[in-house]
Amino acid sequence: MAVFSICAFIPALRSQSGPSPELLRSRFPLHSLSRGTEEGVDRRSASSRRFVVLSTHSNPRILKVNRKSRHGRPLSPFDSDDDDESVEFDEDEDEDEDDWSDEDEFAEIAEYEVQNKDKKKKDRWRQPNKGWRSGSLSSRQQNDHHEYKNQVRNAVNTFPTPDHKNEIASYNVTGRGKKEIKPCQCGFPILSEEIDLDVRWIPLLDYLCTFGLKETHFLQMYERHMPSLQINVGSAKERLDYLLSIGVKNRDVKRILLRQPQILEYTVENNLKSHVAFLMGLGIPNSRIGQIIAAAPSLFSYSVENSLKPTVRYLVEEVGIKEKDLGKVVQLSPQILVQRIDVSWNTRYLFLSKELGAPRDSVVKMVTKHPQLLHYSIDDGLLPRINFLRSIGMCNSDILKVLTSLTQVLSLSLEDNLKPKYKYLINELHNEVRSLTKYPTYLSLSLDQRIRPRHRFLVSLKKAPNGPFPLSYFVPTDECFCEQRAGTSLEKYLAFRQKLLLKDFAKKCEKQR
């Protein structure tokens, strides 16, 4: 708090002996003298909290936490170019790249007069911080910056059509060295309205549009991880080209970027290749690498040595999955590599052993066949399906047989799948529940595409067996079914099924009216 004399401004308080303490307190309460300073601090602290950058990285080699500029302001948590883990900007810029301010990479630097250099530095520090972009600018810089932003907005309003997408609004920034920024291709009016769009992001945005991303998608990426939009377009292209070369589909790039925009910042040599080598080391074929990355792109944010390998080691040593089955397990559920596997395994193993009396070997078989089991909620997923099987007359031992043989039953919808199949089993096939323990595959087959068409087709041919309809008739392929059970051509059966499907669809439409 600044200390100053108030006697010079108040004649009544001037005296050789000085004002009495009572008089000072009565006319100038302590809180009135400190309020301005406190409000100033609050305003500065509030403005400094306007802009927050969040990061979902967990790889310690990618992150440099708590990085600050020489003025004490937080910088991007990502490494510099020296560490090969950088958020890279345009490498084609002029050689005087170090002319940009350390406090704000995108702040335009005005030219200072030499004779007033010291005075202007002091004035700059006296100015209040008004935002993350203009807090370090002088009044002259702020005017230049606002004038430039107005030029960009005017250009957006002037050229909103695709015909003028390549129009360029150039702007010269005079500083310690001259820097010319030009690529404001005004094709993102919505994005310009929602965020403080920097013109140097435009080449990257144009490139990402080739993968089907739109302005609404860029807003999602901005909110999820803003630094991903600051990447140099050449670096982003190198990384996405590598992903495409290892089997990632072009149509999956958009979904990957929306879920994990940080992937644009991961270098090929120090991150992407090491993670792909790790997956191949598990026995995953090259043809499936792209599908795994599309399903779980966040695995690139986990350290291979400190996170992924310990997870695999836990699956083998603690859960009991055989090493030869690791590739199969990861292909079925890539998310198993990026979840708290110890918590997921222990809670579900204890639940199944307590609820059904399941031995450890049976639970390990369930996880090997259907590792998605470790993702399912106990209260909303596992328990309701176990209770349904109990409600139709199954005992715990029968349920355990069904789940060990066909664990994906736990993923099926009760209302749209399990209950309709049970009703058809009892009412139409005239079969018994205990037959499900011998043929649990019945519960995984499509009621509309296989169960009902085959049953009705044999009934129409008068070849349906008397008594309970055997569930074994639904197991073989269509060709074997027509040859062994129906004694007719495959084309005739497929035509019957198509007609039945259209008839059922028409009934559903009538009910919805």
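Rules used throughout
- Residues numbered from 1 in each chain as written.
- Predicted model: local features only at pLDDT ≥ 70, side-chain atom pairs only at ≥ 80, totals over all residues.
- Heavy atoms only, no water.
- Helix = DSSP H or I, 4+ residues; strand = E, 2+ residues; numbered from the N terminus.
- Buried < 20%, exposed > 50% of the residue type's maximum accessible area, 1.4 Å probe, protein only.
- Contact = heavy atoms within 4.5 Å.
- Areas by Shrake-Rupley, 256 points an atom, 1.4 Å probe, with all protein chains shown as cover.
- Phe/Tyr/Trp six-rings, centres within 6.5 Å; stacked < 30°, edge-to-face > 60°.
- Lys NZ or Arg CZ within 6 Å of the ring centre and 35° of its normal.
- Salt bridge = Lys/Arg side-chain N within 4 Å of Asp/Glu carboxyl O.
- Axes fitted to C-alpha atoms, helices over the stretch in contact; angles between N-to-C directions.
- Parallel < 35°, antiparallel > 145°, perpendicular 65-115°, else oblique.
- Left-handed = near helix turned anticlockwise from the far one by under 90°.
- Nonpolar A, V, L, I, M, F, W, Y, C, P; charged D, E, K, R; others polar.
- Patch = residues over 30% accessible without salt bridge, like charges linked within 9 Å, V, L, I, M, F, W, Y side chains within 5 Å.
- Lys, Arg positive; Asp, Glu negative; His and termini not counted.
- Charge placed at Lys NZ, Arg CZ, Asp CG, Glu CD.
- Core = buried A, V, L, I, M, F, W, Y, C linked by side-chain atoms within 4.5 Å.
- pLDDT = per-residue confidence, 0-100.
- Expected span 1.5 Å × (residues − 1).
- Polar contact = N/O pair within 3.5 Å; in protein donor to acceptor, adjacent residues only side chain to side chain.

Participant: Which residues make up the overall build of the protein, and what values do they have?
Facilitator: Along the backbone of the protein there are 22 helices and two strands. Split into buried and exposed, the 513 residues of the protein put 42% on the buried side. Within the protein, contacts between residues separated by at least 24 positions form 65% of all contacts whose residues are at least 6 apart in sequence. Summed over its atoms, the accessible surface of the protein is roughly 28,800 Å², and 49% of this surface lies on carbon and sulfur atoms.

Participant: Give a description of the packing of aromatic side chains that names residues and reports values.
Facilitator: Applying the stated criterion across every chain yields a total of 11 aromatic pairs. Plain terms: the ring middles of phenylalanine 457 and phenylalanine 496 are 5.3 Å apart, the flat faces sit at 55° to each other, and that makes the pair tilted. Here phenylalanine 457, found in helix H20 (residues 447-460), pairs with phenylalanine 496, found in helix H22 (residues 490-512); they are 39 residues apart in sequence, far enough to count as distant. Relative accessible area serves as the criterion here: at 24%, phenylalanine 496 is assigned to the partly exposed category. Where phenylalanine 469 meets phenylalanine 474, the ring centres are 5.3 Å apart and the plane angle is 35°; that geometry is what we call tilted. A relative accessible area of 2% means that phenylalanine 469 is categorised as buried. Three or more aromatic residues joined by ring pairs make a cluster, and in this case those are Tyr442, Phe469, Tyr473 and Phe474. Note that arginine 360 overlies the ring of tyrosine 349, its terminal NZ or CZ placed 5.4 Å from the centroid.

Participant: Could you give an account of the pattern of salt bridges, with specific residues and numbers?
Facilitator: Evaluated as defined, the whole model comprises 13 salt bridges. The salt bridge involving lysine 237 is made with aspartate 241; its shortest N-O contact spans 2.9 Å. Remark: aspartate 241 and lysine 237 occur in helix H8 (residues 233-245); sequence separation between them is four residues, near one turn of the helix. With relative accessibility at 39%, the residue lysine 237 sits in the partly exposed group. Overall, aspartate 241 belongs to the partly exposed group, its relative accessible area being 32%. For arginine 434, the salt bridge identified is with glutamate 432, shortest N-O distance 2.7 Å. Classification of arginine 434 as exposed rests on a relative accessible area of 63%. On the basis of relative accessible area, glutamate 432 is assigned to the partly exposed category, the value being 42%. One salt-bridge network, held together by shared partners, links Asp448, Arg452 and Lys508.

Participant: Could you give me a rundown of unusual backbone geometry, with the residues and numbers involved?
Facilitator: Located in the positive-phi region is histidine 430, a residue other than glycine, with phi close to 55°. Note that histidine 430 resides in the loop between helix H18 (414-427) and helix H19 (435-438). Positive phi, close to 60°, is recorded for lysine 462, a residue that is not glycine. Turning to its location among the elements, lysine 462 is positioned in the loop between H20 and helix H21 (478-486). Taking the relative accessible area as the measure of exposure, lysine 462 reaches 78% and is therefore exposed.

Participant: Which residues make up the packing of H8 against helix H10 (residues 268-281), and what values go with them?
Facilitator: Look at H8 against H10: their axes get within 11 Å of each other, and the N-to-C directions meet at 15°. Considering their axes alone, H8 and H10 lie roughly parallel with respect to each other. Seen from above, H8 lies across H10 with right-handed handedness. Listed contacts from H10 to Glu238, Arg239, Tyr242 and Leu243 of H8 are Val268, Leu272, Lys273 and Val276. Across the contact of H8 with H10, the residue classes tally to five nonpolar, no polar and three charged.

Participant: Kindly report on helix H12 (residues 304-319), identifying the contributing residues and their values.
Facilitator: Residues Val304, Leu308, Thr311, Val312, Leu315 and Val319 constitute the buried set of H12. Buried positions along H12 lie against H10, helix H13 (326-332), helix H14 (341-356) and helix H15 (360-369). Looking one or two residues past H12, glycine 320 carries a phi angle of roughly 110°, positive in sign.

Participant: Describe a positive patch on the surface, with residues and values.
Facilitator: Side chains of Lys322, Lys324, Lys328, Lys365 and Lys369 sit close together on the surface and give a patch of like positive charge. In this structure, lysine 369 sits in helix H15. The class of lysine 369 is partly exposed, set by a relative accessible area of 41%.

Participant: Tell me what's going on with the nonpolar core, and back it up with residues and numbers.
Facilitator: If you look at soluble globular proteins, the nonpolar side chains tend to sit buried side by side. Of all hydrophobic cores here, the largest spans 109 residues; its most connected members are Leu243 and Tyr442. Those residues in contact with tyrosine 442 that lie beyond four places of it in its chain are Lys421, Tyr424, Leu425, Leu429, Leu436, Ile451, Leu471 and Phe474.

Participant: Which residues make up the confidence of the model for the protein, and what values go with them?
Facilitator: Residues at a pLDDT of 70 or more form 64% of the protein, whose mean pLDDT is 75. In this model residues 1-71 is a low-confidence stretch, pLDDT under 50, and it forms 86 contacts with partners more than four residues away in sequence or in other chains. Note on residues 151-185: pLDDT under 50 across the span, and 66 contacts to partners over four residues away in sequence or across chains.

Participant: Any chance you could break down helix H16 (residues 378-391) for me, citing the residues and the numbers?
Facilitator: Between the first and last C-alpha of H16 there are 18 Å, a value that for 14 residues agrees with the 20 Å anticipated at 1.5 Å per step. Along H16, the residues classified as buried are Ile378, Gly381, Leu382, Arg385, Ile386, Phe388 and Leu389. Along its buried surface, H16 packs onto H14, helix H17 (396-405) and H18. The N-cap of H16, judged by a side-chain oxygen 3.5 Å from the amide nitrogen of aspartate 379 a few residues on, is serine 377. Remark: glycine 393 follows H16 within two positions and exhibits a positive phi of approximately 110°.

Participant: Can you lay out the environment of tyrosine 424 for me, pointing to particular residues and giving the numbers?
Facilitator: Checked against the element boundaries, tyrosine 424 lands in helix H18. Assessed through its relative accessible area of 5%, tyrosine 424 is described here as buried. Beyond its immediate chain neighbours, meaning those up to four positions away, tyrosine 424 contacts Leu429, Tyr442, Leu447, Ile451, Arg452, His455 and Arg456.

Participant: Outline the environment of methionine 280, supporting the account with residue identities and numerical values.
Facilitator: Locating methionine 280 in the fold gives a position in helix H10. Judged by relative accessible area, which is 40%, methionine 280 ranks as partly exposed. Taking the C-alpha atoms as reference, methionine 280 lies 8.5 Å from glycine 327; in sequence the two are 47 residues apart. Among all residues touching methionine 280, those that are not within four sequence positions of it are Asn286 and Ile289.

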